[in-house]
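Per-entry structural report
This is what each chain is made of:
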Amino acid sequence: MKKIRNLLFLMSVMLFILIHINAKISLYNDKKNSDKKKYAKRIKSNKSREISILLKKLKNDKIINSKDENLLLIGNKNGLYLSDFKDRHFINIWKGGEVRKIIKTGYGYFLLTSKGIVFSENLKDFKFKNKGIYEKNLISYTNNTKKVIKVVEEVKDIKIDINNNSNLAACSKNYIYYSLNRGEQWKCLKNPAWVSGLKSVSLYTDRDIYIVVSHSVKGLFIKNLNRRSDWVNLTNAEIFSNTDEISDLIITKENNNHYLYCSLNFNPAIYRINLRTYKWEKIMHFNGRFDLIEGLFIHNDLIYFSTIKGIIRLNLTGSIRHHYFDLNNLVNYFTYFKKEKIESLFLSQGNTTHLNLNNLWLIRKDRENKGAVSQYKGIYINTDNLLKDHNIDKYIKLLKDLKLNMIVTDMKDDFGNLRFEPKGEYLKKFNFTKRVINIDKLIKKCRENNIYLAARIVLFKDRCLYKHNNNEFALKDIYTKQGWMPYVKNGDGSYNYKDEYWVDPFSEKVWEYNIEVSKELISRGFNEIQFDYIRFPTDGDNIGEYYSEYRTEGMNKESAIESFLNFAKENITVPISVDIYGANGWYRSGCVTGQDVDMIKNYVDIICPMYYPSHFKDDFLNYHPFDLRPYRIYFYGSLRNYYIAESQLIVRPWIQAFKLNVKYDNQFFSENYILNQIKGCEDSINQGYAFWNASGNYKYIKFLKDLNKEM
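Residues numbered from 1 in each chain as written. Predicted model: local features only at pLDDT ≥ 70, side-chain atom pairs only at ≥ 80, totals over all residues. Heavy atoms only, no water.

Below, the discussion takes up the sheet that holds strand S27 (residues 352-358). Here we have five strands laid out as an open sheet, ordered S3-S2-S1-S26-S27, and antiparallel in their pairing. Both edges of this open sheet fall to strand S3 (91-94) and S27, since each of them pairs with a single strand only. Neighbour-to-neighbour, the strand axes of the sheet open up by a mean angle of 25°, direction not taken into account. Strand direction decides the pairing type here: strand S2 (residues 79-83) and S3, joined by three bridges, are antiparallel. Counterpart to Leu 82 in the pairing with S3 is Ile 91. (Pairing = 2+ DSSP bridges. Helix = DSSP H or I, 4+ residues; strand = E, 2+ residues; numbered from the N terminus. Axes fitted to C-alpha atoms, helices over the stretch in contact; angles between N-to-C directions.)

Here it is as structure tokens:
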């Protein structure tokens, strides 16, 4: 009986405790729900406050007044947002793609989007206006199934004729388009520069219709559309250098004269030219400062544009003065509350456009960063130097001494040899292994010493795969129909063939093989996959004498590279880096290689430009003080590459740790030559770098050990 009483007492105590705990939980949940409601209310209040602050600022700056209705449109990666300032929030009214520019005409709105040109008469109904704009073919390759996808080539710019809003002009990086019927049909004009890199376009009517276009390398061109005339180059060599980029164009009409305003990137300035007299005039210049000037807009003698430091408003009358136009409240509203980034902004009141800003990726505060990936500094090691275990220890000690933390080594070398013993059956059947290293031991030692390990994969230069199955995957010679190889023709008519074997970048089987190599290396423990020779061949007197058996109709070199990168992105689970020529990181043009940073940025995490001073012409950036030329190349090159990629990539340059027998190297190669490259990287974007010496002999950088001690 006593045991039963004790048991009942214990049960009552436990019941009391459970009731108490449940009450506490209930109170906690009530408080939590209450906090959620309060938080949601506070967020809603903050949203309303941010828009109220913006509205008040616009009124104080006399950009809008209180009488007419206001319309604010915001474009970003998720579409188009609308606010009339009344309900204090934004409505997503179109979700068909990224909206990069918004233009209003008397008959509706044009949107420049990632899917081409879109038109809306009423901001309710939207339709594409891409008839006549070039469509490129891309390949989607999944489970041995190939699918051709037609994609409108990215349109870079669109403008309206200020004298006749039925006339429009647009451009991609390859083509110029114009429409005389409100965008219903686009006609294509040849690129006056003949190479990729068109940046901006504009047009105007002055009896005849004129179209103006800028190229990122070749300058400024004008053409009369009513006459069968050639393009005329308007570039003034005394004003523009070959390192400038004409980024945007806008035409105004003043006292019956048409003026063209041009903005320059990298060497930031604004000029204008009288389109009747062709006389140039400088409007403003940021002396000694690297910057970008994008998205020109002129209204009431004020010119607005985007820069790295923010939106600038410049007064064009009287003494020309500029100040920063603060859009932080609006930028913060989208980036904090909506987790979305603003790309374009349009503000009108009644029938008047008061603000039209684009390229706002320049001013956003939350730069896309790849975190720790930007902190690596290392060396390339030829795999032959890692065959013996004691050499692995030697290089790890070198890294420790020099305070470096990354190794890049060949896992598929310049001849296509696999430098590791594969475990997967797919790779084993090719039998391409040669002089393999113990990668498991290398990976283990790197992990123990906190060293980041990148696998270099030489992609489309591949002797092993070239010769496989009777040259099945080789680029073919147009005359012999056999495997193509580059040669140099001698004076006596004989040929010297270069030791280069190129497989076909259009072949999905070539893609598949290289991705299988990558996937096995990832499974074994590599931290990064780095693609080198991700391009078409560039050398040889017979460079135009090869063809592809695998090219799909409508595809070009760049679409082959883009399709491969898309395939790689879908299958690789670690950061992807690519090596590119220094010139392709410096200019907005892929030229003959297919290496276009503007495209590559959409698929990879890191880009590694080879800005070796020895590889540029001796007069390139070679001015007093002459020994600082390597610094200039890496400082400006890193910045240019970073911003051409719209700050979406880590830029990790290769640093020249070798000497070539060229004029500049013979005169200046030294420890300072290398140190100036490092400082150029660190003083610009500071996202890491790697030293290149093909033989793995790093005697030229051992001075860093003593330098680190001093620090």
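Glancing now at the nonpolar core. In terms of nonpolar packing, the biggest core is built from 148 residues, with Ile 379, Phe 460, Leu 521, Phe 531, Phe 564, Leu 565 and Phe 691 touching the most fellow members. Sequence-distant contacts of Phe 460, that is, excluding residues within four places in its chain, are made with Tyr 501, Trp 502, Val 503, Pro 505, Val 510, Trp 511, Tyr 533, Ile 534, Arg 535, Ile 561 and Phe 564. Residues Tyr 204, Ile 222, Leu 234 and Ile 251 belong to the second largest nonpolar core, which totals 17 residues. (Core = buried A, V, L, I, M, F, W, Y, C linked by side-chain atoms within 4.5 Å. Buried < 20%, exposed > 50% of the residue type's maximum accessible area, 1.4 Å probe, protein only. Contact = heavy atoms within 4.5 Å.)

Its place among the elements puts Ser 577 in strand S36 (residues 576-581). Judged by its relative accessible area of 0%, Ser 577 falls in the buried class. A polar atom in the side chain of Ser 577 sits 2.6 Å from the side chain of Glu 528. Engagement of the side chain of Ser 577 in a polar contact is seen with the side chain of Gln 530, the distance being 3.3 Å. Not counting chain neighbours up to four residues away, the residues in contact with Ser 577 comprise Glu 528, Ile 529, Gln 530, Phe 531, Ile 606 and Cys 608. (Polar contact = N/O pair within 3.5 Å; in protein donor to acceptor, adjacent residues only side chain to side chain.)

Okay, the environment of Glu 512 next. Within the secondary structure, Glu 512 is located in helix H7 (residues 508-524). Once the C-alpha coordinates of Glu 512 and Asn 143 are considered, the two residues, 369 residues apart in sequence, prove to be 9.8 Å apart. When residues no more than four places from it in sequence are discounted, the contact partners of Glu 512 are Tyr 141, Asn 144, Tyr 426 and Phe 567.

Looking now at unusual backbone geometry. Residue His 624 is joined to Pro 625 through a cis peptide bond whose omega torsion reads -10°. Mapped onto the secondary structure, Pro 625 falls in the loop between strand S37 (606-610) and helix H11 (629-644). Positioned with a positive phi, Asn 144 is a non-glycine residue whose angle comes to about 65°. Within the secondary structure, Asn 144 sits in the loop between strand S8 (135-142) and strand S9 (145-152). Phi angles above zero are rare outside glycine, and Lys 403 is one such case at about 55°. Tracing the sequence through the fold places Lys 403 in the loop between helix H3 (389-401) and strand S29 (406-412). With a relative accessible area of 61%, Lys 403 lands in the exposed category.

For the structure on display, the rule yields 41 salt bridges. Shared partners join several salt bridges into a network, and the residues in it are Glu 98, Arg 100, Glu 154, Lys 156, Asp 598 and Lys 601. (Salt bridge = Lys/Arg side-chain N within 4 Å of Asp/Glu carboxyl O.)

Turning our eyes to something else, we now look at the environment of Asn 359. Note on placement: Asn 359 falls in the loop between S27 and strand S28 (377-381). Separated by 64 residues in the primary sequence, Asn 359 and Gly 295 place their C-alpha atoms 6.0 Å from one another. Look past the residues within four positions of Asn 359 in its chain and what remains in contact with it is Arg 100, Glu 294, Gly 295, Ser 306 and Glu 343.

Let us look at the side chain of Asn 174. Checked against the element boundaries, Asn 174 lands in the loop between strand S11 (168-172) and strand S12 (176-179). Looking at Asn 174, its side chain comes within polar contact range of the side chain of Glu 153, at 2.6 Å. A distance of 3.5 Å separates the side chain of Asn 174 from the side chain of Ser 196, its partner in a polar contact. If we ignore the near neighbours within four places in the chain, the residues touching Asn 174 are Glu 153, Asn 191, Ser 196 and Leu 198.

Looking now at the packing of aromatic side chains. Per the counting criterion, the structure on display carries 48 aromatic pairs. Taken together, a centroid distance of 6.4 Å and an interplanar angle of 65° make the contact between Trp 511 and Phe 564 edge-to-face. A residue pair is termed long-range when its members are at least 10 positions apart, and Trp 511 in helix H7 and Phe 564 in helix H8 (residues 557-571) qualify at 53 residues. The burial state of Trp 511 is the same as that of Phe 564; both residues are buried. Taken together, the ring pairs connect Phe 266, Phe 290, Trp 361, Tyr 631, Phe 635, Tyr 636, Tyr 642 and Tyr 643 into an aromatic cluster. Over the face of the ring belonging to Tyr 664 we find Arg 629, whose NZ or CZ atom lies 4.7 Å from the ring centre. Positioned over the ring face of Tyr 623 is Arg 632, at 3.9 Å from the centre of the ring. (Phe/Tyr/Trp six-rings, centres within 6.5 Å; stacked < 30°, edge-to-face > 60°. Lys NZ or Arg CZ within 6 Å of the ring centre and 35° of its normal.)

Let's shift gears to helix H13 (residues 671-684). An ideal rise of 1.5 Å per residue puts 20 Å on 14 residues; H13 measures up with 20 Å between its terminal C-alpha atoms. Listed as buried for H13 are Tyr 673, Ile 674, Leu 675, Asn 676, Gln 677, Ile 678, Gly 680, Cys 681 and Ser 684. Backbone nitrogen of Asn 672 and a side-chain oxygen of the N-cap are separated by 3.3 Å at the start of H13; the cap is Ser 670. Positive phi appears at Asn 686, one or two residues downstream of H13, with a value of about 55°. (Expected span 1.5 Å × (residues − 1).)

On to the packing of H3 against helix H5 (residues 439-448), then. Following both chains from N to C, one finds H3 and H5 inclined at 25°, their axes separated by 11 Å at the closest point. In this view, H3 runs roughly parallel relative to H5, as classed from their interaxial angle. The handedness of the crossing between H3 and H5 is right-handed. Along the contact surface, H3 presents Asp 389, Ile 392, Asp 393 and Ile 396, while H5 presents Lys 441, Leu 442, Lys 445 and Cys 446. Residue composition of the contact of H3 with H5, by class: four nonpolar, no polar and four charged. (Parallel < 35°, antiparallel > 145°, perpendicular 65-115°, else oblique. Left-handed = near helix turned anticlockwise from the far one by under 90°. Nonpolar A, V, L, I, M, F, W, Y, C, P; charged D, E, K, R; others polar.)

Let's shift gears to the packing of H7 against H8. Contact geometry for H7 and H8: axes closest at 10 Å, N-to-C directions at 35°. H8 is crossed by H7, and the crossing has right-handed handedness. Contacts between H7 and H8 involve Trp 511, Glu 512, Ile 515 and Lys 519 on the former and, on the latter, Ala 560, Ser 563, Phe 564, Phe 567, Ala 568 and Asn 571. Looking at the contact of H7 with H8, its residues break down into six nonpolar, two polar and two charged.

A few words now on the sheet that holds strand S20 (residues 269-274). Taken together, the four strands give an open sheet; going across it, the order is S18-S19-S20-S21, and neighbouring strands pair in antiparallel fashion. Lying at the two open borders of the sheet, with one neighbouring strand each, are strand S18 (245-254) and strand S21 (280-285). Direction aside, neighbouring strands of the sheet carry axes that sit 20° apart on average. By the bridge criterion, nine bridges tie S18 to strand S19 (residues 257-265) in an arrangement that is antiparallel. When the sheet's bridge partners are listed, Leu 249 is paired in S19 with Cys 262.

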